[in-house]
Amino acid sequence: MLSPTGFTPDFAVRLWCFPPGMSVEMTALLLVSVIQGKVVSVFNAEKQEACEHLDQVHQTPHSSSAPQTASLHETQKAFLTSAGITGGLFLLSSLVLFFGVREQRHGSVQHDADERTRPSYLSSLKMLVCHVPYQRLVLSFVFSVLAFQMSLGNFALFCSHAAGLGAHFQLLLLVLLISASVAVPLWQFVLLKIGKKSTVFIGLSLFIPAVITVGCVPSSLPVFLTMCILMGLGVATVFLLPWSMLPDVIDDFALRHPSFKDLEPLFFSGYAFCSKLAGGLAVGLSTMTLQVVGYKAGACNHGDEVVTALVVLFSPAPVTLLLIGMGIFHTYPVNERKGLELKQQNRPKRVL
């Protein structure tokens, strides 16, 4: 049975609400990676052919751009095909969501809303931003998402230009995402045993030695594959744990501020906005850095500055951001004991 807040009052049952959705999301990412891998493989094959043709015409020690004429015709077709498939999947998902999901509100919710004066949106937002557990949870995962996005956002460029493993990009990406998909139920089992906070520290910590090892030994395919498995375990942590911990923060907020009701959409949308903002910052910082060091799209060869920048964006910078996020998360005040106390204190207020 669900409470008027939309969450089950059973703490143990709540823990199993999120892994199925995260597993489906990881499966979707696997499908996208297959589409992206096919496009990248076509692009790499045509660019390699163009660069070999250019080398036969004249030799140059500097960066030289591959011809951008009819030689990339197949790449253009591949991008258009992948865009069509992705757009069709998005439309299908939207139709399923629109026609297949119906919101069911408890009968007492409207009655309760009529009995009290609902605080304004700005007042609710102010209370939400000032809530310390929410601040620390969101801020810690914003730094973590920024670290993951910065590292994985440059994954393809790192494989092609720093590691020299561009031909194996799709294999490496599939190993990483398969590891993340398998790790979602694994982390669910672990957090039931040792708690969410400890699980977050373990999962995020696995990502650090993985990217450091790849940054130090980038050209070894067996080492890269092994580290992709560890990186996938860390990625699964960022996918699963924030959504599993937000309901605990909402319970803590409801206990401290009983007059502020039905703010769950604000909590979740606030975290989603900050997460997307972190992803956008990662892309912007990476693009700016590569532009400063002289990266040129389509170039057959790149200087040492570009290779160094890719290594920094893939390993040292994300590790630093991740350590900052873990440091903030160390001060997160809600744990399993506190969650059970919140459950007991909120139980008389719930309507079954």
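S.K.: It is not clear to me how the packing of aromatic side chains should be interpreted in this structure. Could you clarify?
M.R.: Think of a pair of aromatic rings as described by two things: how far the centres are apart, and how the planes are tilted against each other in angle. Per the stated rule, a full pass over the model turns up 15 aromatic pairs. With 5.8 Å between their ring centres and 0 degrees between their planes, W243 and F268 make a pair best called stacked. On the criterion of sequence distance, the pair formed by W243 in helix α10 (residues 221–256) and F268 in helix α11 (residues 264–292) is long-range, its members being 25 residues apart. Residue classification places F268 among the buried residues on the basis of a relative accessible area of 18%. Centroid distance W243 to Y271: 5.0 Å. Interplanar angle 90 degrees. Geometry classified as edge-to-face. On the criterion of sequence distance, the pair formed by W243 in helix α10 and Y271 in helix α11 is long-range, its members being 28 residues apart. With relative accessibility at 23%, the residue W243 sits in the partly exposed group. Its relative accessible area of 4% is what places Y271 among the buried residues. Members of the aromatic cluster, joined through ring pairs, are F155, F158, F169, F224 and F314.

S.K.: Got a minute to help me understand a nonpolar patch on the surface in this structure?
M.R.: A contiguous nonpolar surface patch, about 610 Å² in accessible area, is contributed by F273, L277, L281, L285, M288 and V292. Mapping L285 onto the fold places it in helix α11. The partly exposed category is assigned to L285, whose relative accessible area is 38%.

S.K.: What exactly am I supposed to notice about the pattern of salt bridges here?
M.R.: Oppositely charged side chains can pair when the atoms bearing their charge come close. All told, the structure shown has two salt bridges when counted by the stated rule. Measuring nitrogen to oxygen at the nearest pair gives 2.7 Å for the salt bridge that ties D248 to K196. Here K196 lies in helix α9 (residues 196–216) and D248 lies in helix α10, a separation of 52 residues in the sequence. Here D248 matches K196 in class, with each residue buried. The residue R256 makes a salt bridge to D252 at a minimum N-O spacing of 2.9 Å. Of this pair, R256 and D252 both sit in helix α10, four residues apart, which is roughly one turn of that helix. For D252, a relative accessible area of 1% puts it in the buried group.

Cut-offs and rules
- Residues numbered from 1 in each chain as written.
- Predicted model: local features only at pLDDT ≥ 70, side-chain atom pairs only at ≥ 80, totals over all residues.
- Heavy atoms only, no water.
- Phe/Tyr/Trp six-rings, centres within 6.5 Å; stacked < 30°, edge-to-face > 60°.
- Helix = DSSP H or I, 4+ residues; strand = E, 2+ residues; numbered from the N terminus.
- Buried < 20%, exposed > 50% of the residue type's maximum accessible area, 1.4 Å probe, protein only.
- Patch = residues over 30% accessible without salt bridge, like charges linked within 9 Å, V, L, I, M, F, W, Y side chains within 5 Å.
- Areas by Shrake-Rupley, 256 points an atom, 1.4 Å probe, with all protein chains shown as cover.
- Salt bridge = Lys/Arg side-chain N within 4 Å of Asp/Glu carboxyl O.

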